[in-house]
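These are the residues of each chain, in order.
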Amino acid sequence: MVKILLNGARGRMGQAIQAIAAAEEVEIVAAIDMGDDPVPGLKECEVAIDFSFHEATAPLAKLCAEYGKPLVIGTTGHTPEEKEAVAEYTAQIPMVWAGNFSTGVNLLFYLVGKAAKILGREYHPELIEMHHCHKKDAPSGTAEHLLEIIRAARGLTPEQEMHGRKGLVGERPDDEIGVHALRGGDVVGDHTVMFAGPGERIELTHKASDRRIFAQGALRAAHWVVGKPIGLYRIEDVLGLRD
Ligand code: NAD
């Protein structure tokens, strides 16, 4: 059993984690949410898990560093400043930070990287994601990561691409990556990367239908990160997916 502090416990992901905790050999010693004091739980836990709101991650990371506790971050939608603030604490504690904890999505990341390298610039990438109507950030953390993967595989800088296109007329530039975020209903999370080329197109799609996949990944990361050296880890490290 690993003892965890769960931040964002009343939310959709918080509840998904609590539902499987015992089966995943995890004891939740503190289930906290907005307005609760994390300190008593932090003292007791072996690792903290954050599935809350982007503003809450850096203050929790600061406390984890103070109490020497590893941190698993699932929250998305951080501003560049918030990302920088959180990243500072990777010099003090081990941290697993992933915008998507599902094994299938991490396989999608791998396949999209391969496809973007193999398919030439004449295959235009378009990224389509859909989530439930309550999701607070857009595009999703997963879409942002897919964008980074395509960008890296194509040697593009952020300035060379465009996030989405409004009313674009005329020819599509080869270096553009369209990002389309759809919101509605109770969709847990769909991501498609389309490479539209001359005479054919390839679509790689992942569809999540149960939050359990993210919860299981996060708890696997919590088990894994306890006792690891200080530093920043990705879910690929936990799943052994690095090339
Ligand atoms: P949610 O809105 O259902 O739940 C968020 C919870 O956080 C709420 O209970 C809210 O009260 C709480 N909260 C807000 N501010 C807080 C604060 N300052 N301190 C403590 N708690 C606070 O959202 P959700 O669907 O559970 O998703 C939570 C986060 O996880 C989102 O950023 C979402 O994008 C992300 N997410 C990540 C993955 C992944 O695999 N990494 C998967 C699903 C969702």
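Just above, that's the structure.
Report on the accompanying structure.

Conventions and cut-offs
- Chains are numbered independently. Their residues run from 1 in the order of the written sequence.
- Only residues with pLDDT of at least 70 get local features here, since the model is predicted, and only at 80 or more are side-chain atom pairs given and counted; chain-wide, interface and lining totals rely on the full set of residues.
- Values reported for side chains reflect all heavy atoms of the structure, with hydrogen atoms and water molecules removed beforehand.
- For helices the rule is a DSSP run of H or I covering at least 4 residues; for strands it is a run of E covering at least 2, with both sets numbered from the N terminus onward.
- Relative accessibility thresholds used throughout: buried, under 20% of the residue-type maximum; exposed, over 50%; partly exposed, between the two (1.4 Å probe, protein chains only).
- The pairing criterion for strands is at least two bridges between them, as found by DSSP.
- Lines are fitted to the C-alpha atoms to define the axes, a helix being fitted only along its stretch in contact, and any angle between axes, read from their N-to-C directions, falls within 0 to 180 degrees.
- Here the nonpolar core consists of buried residues drawn from Ala, Val, Leu, Ile, Met, Phe, Trp, Tyr and Cys, with membership extended through side-chain atoms lying within 4.5 Å.
- It only takes one pair of heavy atoms within 4.5 Å for two residues to be counted as in contact.

Focus: the environment of P229
Item 1. For P229, the position within the fold is in the loop between α7 (212–225) and β10 (231–233).
Item 2. Residue classification places P229 among the exposed residues on the basis of a relative accessible area of 55%.
Item 3. In this structure, the C-alpha to C-alpha distance between P229 and Q92, residues 137 residues apart in sequence, is 9.6 Å.

Some thoughts on the sheet that holds strand β4 (residues 71–73)
Item 1. Pairing is parallel in the open sheet, where six strands are placed in the order β2-β1-β3-β4-β5-β10. In this open sheet, the two edge strands, each paired with only one partner strand, are β2 (26–32) and β10. Sheet twist, expressed as the average angle between the axes of neighbouring strands with direction ignored, equals 20°.
Item 2. Two strands pair when backbone bridges link them, and strand β5 (residues 94–97) and β10 are joined in this way by three bridges, in the parallel orientation.

Re the nonpolar core
If you look at soluble globular proteins, the nonpolar side chains tend to sit buried side by side.
Item 1. Among the nonpolar cores identified, the biggest contains 30 residues, and I4, I17, I49, V72, V96 and F101 are the most heavily contacted of them.
Item 2. Counting residues per element, the ones that place at least two in this core are β1 (2–7), α1 (12–20), β3 (47–50), α7 and α8 (235–239).
Item 3. Per-element accounting of this core gives the leading share, seven residues, to α7.
Item 4. Ignoring anything within four residues of it in the chain, the contact list for V96 reads L71, V72, I73, F101, A221, W224, V225, Y233, R234, I235 and V238.

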